[in-house]
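Analysis of the macromolecular model
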Amino acid sequence: MRVLAQSFRLNGLLMLLVMGFLTLSQASAQEIPVPQPQTMIPAPPQLAASSWILMDADSGRVLASQNADERLPPASLTKLMTAYLVERELNRGNISPDDMVPVSEKAWRTGGSKMFIEVDTRVSVADLLKGIIIVSGNDASVAMAEYLAGGEAPFADLMNQHAARLEMDNTNFVNATGLPDDNHYSTARDLALLSQHIINDYPEHYATYAEKEFSFGGIDQPNRNRLLWRDNSVDGLKTGWTEEAGYCLVASAKREDMRLISVVMGTDSEEARAQEAQKLLSYGFRYYETLKLYERGAVLNTPRLWGGEKNELRVGVDQNVHMTVPRARNEELSARLDIRSDLVAPILVGEAVGTLEVKMGDEVVGEQALVALESIEEGGFFKRLFDQLQRFFSQLIGRWFG
C-alpha cells in the first residue's frame with residue numbers, strides 16, 4: 001500500500017508536470033489583432049525649396065522628403081535647440097521662469113532680429129524664452145546662452161552634445177542664434193527630429209510656439225510664421241532666414257489625433273516657405289492617418305515565469321506605440337509578439353523580454369521592445385525546486401513531441 005501510494009503520488013506529480021507543459025509551453029511568438037485602416041497614394045508634392053521633410057510627430061514615420069540629409073545653414077531654426085535647452089533646464093528645476101538674467105553688452109550688440117533688450121538690465125527667463133521663440137531674438141538667445149553656460153561658445157558645445165543625444169547626426173552648432181558660419185549646419189531631418197522632441201518632451205512649454213505676437217519694452221512684434229494666421233491646426237514652430245539659408249520654416253499642425261511636422265529649407269520668400277509647408281501638411285493629413293495601437297503600460301501578454309514568487313509576468317511596452325499608415329489601405333495591419341521562451345526570476349521592471357513587430361501586409365513597418373511591467377523576485381526554495389522539475393520535464397516532453 002505504501003508503494004502504491006507513493007506510485008500514485010509520483011504519477012500525480014508527473015501528470016501535473018505534463019499538464020503544466022501542455023498549458024504553458026505555447027509558442028512565444030503570437031499574432032495579436034490591432035485596428036485595421038484601409039486610397040491609392042499619389043507621389044508627394046514637389047516643392048520650390050532646397051530641402052524638405054514631412055514627419056509624423058508620434059510615430060516618427062517620414063511621409064515625404066527630398067534632400068533631407070543635406071547639410072544646410074539653418075538660420076534661426078537654430079533657436080529650436082536654444083529654446084529646447086532652456087525648456088529642459090526649466091523642466092529639471094535648474095532654473096525658474098522668474099529668474100532674472102543679466103544682459104551683457106555682447107547680447108545687446110548681437111545683430112539680426114532682436115527682442116530689444118537693453119544692456120546692463122535684467123530680463124526674466126520667461127520673457128527671454130518668448131523672445132527666442134516668438135520674435136526670434138538673437139539678443140535673447142545670447143543672453144540665455146550666457147546664463148546657462150557662461151558664454152555662447154560653451155553653450156554651443158552643450159547644443160552639440162544634445163544634438164548627438166537626439167541622434168541629429170548631420171548637425172553642428174557654433175552659436176545660439178543661427179548667424180552664418182561655415183561650420184554651422186543642420187538638415188531637414190535633424191530639425192524634424194528636434195521638433196518632435198520639443199513637442200513630446202516638454203509639452204507644458206509648447207503653447208508658446210503658437211503665440212502670434214510678443215510685446216517687450218513697448219515694442220510689439222509679430223510671429224513670422226504666417227501659417228498661424230491661415231490654418232487653425234498649425235501651432236508652431238519656427239521661421240528662419242539669412243542670405244545663405246534662404247527662407248526656412250518648421251511648421252507643426254494637429255488635426256484630430258494626428259500631428260505632423262514639416263520642415264522646408266531654402267525657399268525664395270516668406271510667402272513661398274508658408275505655401276510649401278502648407279502643401280506638405282495638406283498632403284500628409286489627406287492621405288495618411290496615425291493609429292495609437294498600444295498604450296504605455298498596457299498588459300499585452302502574461303508569459304510563464306520560472307522560479308519566481310509569481311508564475312506569470314505582465315509584459316507590455318514602456319511607451320505609447322503609434323503607427324502612421326495610408327488611409328483606406330487594403331493590406332492588413334498586424335502585430336506579432338516575440339517573447340523569450342525561458343524567462344527566469346528575478347526580473348526587474350523595464351527589463352527587455354522580447355519584441356513587438358508591426359506589419360503592413362508583408363512589410364515590417366515598426367518594432368518596439370517588450371518589457372517587464374513589474375519586478376518579480378525569486379520564489380522560495382521549494383518553489384524554485386518544483387519549477388526546475390516542471391521546466392525539466394516540459395523541455396523533455398517538448399523534445400519527444402517536437
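Our subject is the structure listed above.
Residues numbered from 1 in each chain as written. Predicted model: local features only at pLDDT ≥ 70, side-chain atom pairs only at ≥ 80, totals over all residues. Heavy atoms only, no water.

1. Quick notes on the packing of helix α2 (residues 79-91) against helix α7 (residues 188-201)
- Contact pair α2 / α7: the axes reach a minimum separation of 10 Å and the direction vectors enclose 30°. Taken together, the axis directions place α2 and α7 in an arrangement best described as roughly parallel. As α2 packs across α7, the resulting crossing turns out to be left-handed. Contacts between α2 and α7 involve Leu80, Met81, Tyr84 and Glu87 from the first element and Leu194, Ser195, His197, Ile198 and Asp201 from the second. (Axes fitted to C-alpha atoms, helices over the stretch in contact; angles between N-to-C directions. Helix = DSSP H or I, 4+ residues; strand = E, 2+ residues; numbered from the N terminus. Parallel < 35°, antiparallel > 145°, perpendicular 65-115°, else oblique. Left-handed = near helix turned anticlockwise from the far one by under 90°. Contact = heavy atoms within 4.5 Å.)

2. Digging into the pattern of salt bridges
- Evaluation of the coordinates by the stated rule reveals 13 salt bridges.
- A salt bridge links aspartate 235 to arginine 259; its shortest N-O distance comes to 2.7 Å. With aspartate 235 in strand β8 (residues 234-242) and arginine 259 in strand β10 (residues 258-267), this pair connects stretches of sequence that are 24 residues apart.
- Overall, aspartate 235 belongs to the buried group, its relative accessible area being 16%.
- Overall, the relative accessible area of 11% leaves arginine 259 in the buried class.
- For glutamate 374, the salt bridge is made with lysine 310, and the minimal N-O distance between the two is 2.8 Å. Separated by 64 residues along the polypeptide, glutamate 374 in the loop between β19 (363-372) and α10 (381-401) and lysine 310 in the loop between β13 (305-306) and β14 (315-316) bring together distant segments of the chain.
- Overall, the relative accessible area of 10% leaves glutamate 374 in the buried class.
- Through salt bridges that share partners, Arg226, Arg230, Glu270, Glu271 and Arg273 make up one connected network. (Salt bridge = Lys/Arg side-chain N within 4 Å of Asp/Glu carboxyl O. Buried < 20%, exposed > 50% of the residue type's maximum accessible area, 1.4 Å probe, protein only.)

3. Focus: the sheet that holds β10
- Ordered by their spatial adjacency, five strands build an open sheet running β3-β2-β10-β9-β8, and the pairing between neighbours is antiparallel. This sheet does not close on itself; its edge strands, each paired only once, are β3 (62-66) and β8. Sheet twist, expressed as the average angle between the axes of neighbouring strands with direction ignored, equals 5°.
- With eight bridges joining them, strand β9 (residues 246-255) and β10 adopt antiparallel strand pairing. Counted as the bridge partner of tyrosine 247 is threonine 267 from β10. (Pairing = 2+ DSSP bridges.)

4. Considering the packing of aromatic side chains
- Applying the stated criterion across every chain, the model contains six aromatic pairs.
- The rings of Tyr283, Tyr287 and Tyr288 are connected pair by pair, giving a single aromatic cluster.
- Seen from the ring of tyrosine 287, arginine 286 lies directly overhead, with NZ or CZ sitting 4.8 Å from the centre. (Phe/Tyr/Trp six-rings, centres within 6.5 Å; stacked < 30°, edge-to-face > 60°. Lys NZ or Arg CZ within 6 Å of the ring centre and 35° of its normal.)

5. Here's the deal with the nonpolar core
- If you look at the biggest cluster of nonpolar residues, it comprises 59 residues, and the most contacted ones within it are Met81, Met115, Leu128 and Val263.
- If we skip the residues at most four places from it in the chain, methionine 81 touches Met159, His162, Ala163, Leu166, Met168, Phe173 and Leu194.
- Val315, Val325, Leu343 and Ala372 belong to the second largest nonpolar core, which has 25 residues in total. (Core = buried A, V, L, I, M, F, W, Y, C linked by side-chain atoms within 4.5 Å.)

6. Points about the packing of helix α5 (residues 138-149) against helix α6 (residues 152-165)
- Contact pair α5 / α6: the axes reach a minimum separation of 8 Å and the direction vectors enclose 80°. Relative to α6, the element α5 lies roughly perpendicular. For the pair α5 and α6, the contacting residues are Val142, Ala145, Glu146, Leu148 and Ala149 in the first and Glu152, Pro154 and Phe155 in the second.
- Among the residues forming the contact of α5 with α6, the class breakdown is six nonpolar, no polar and two charged. (Nonpolar A, V, L, I, M, F, W, Y, C, P; charged D, E, K, R; others polar.)

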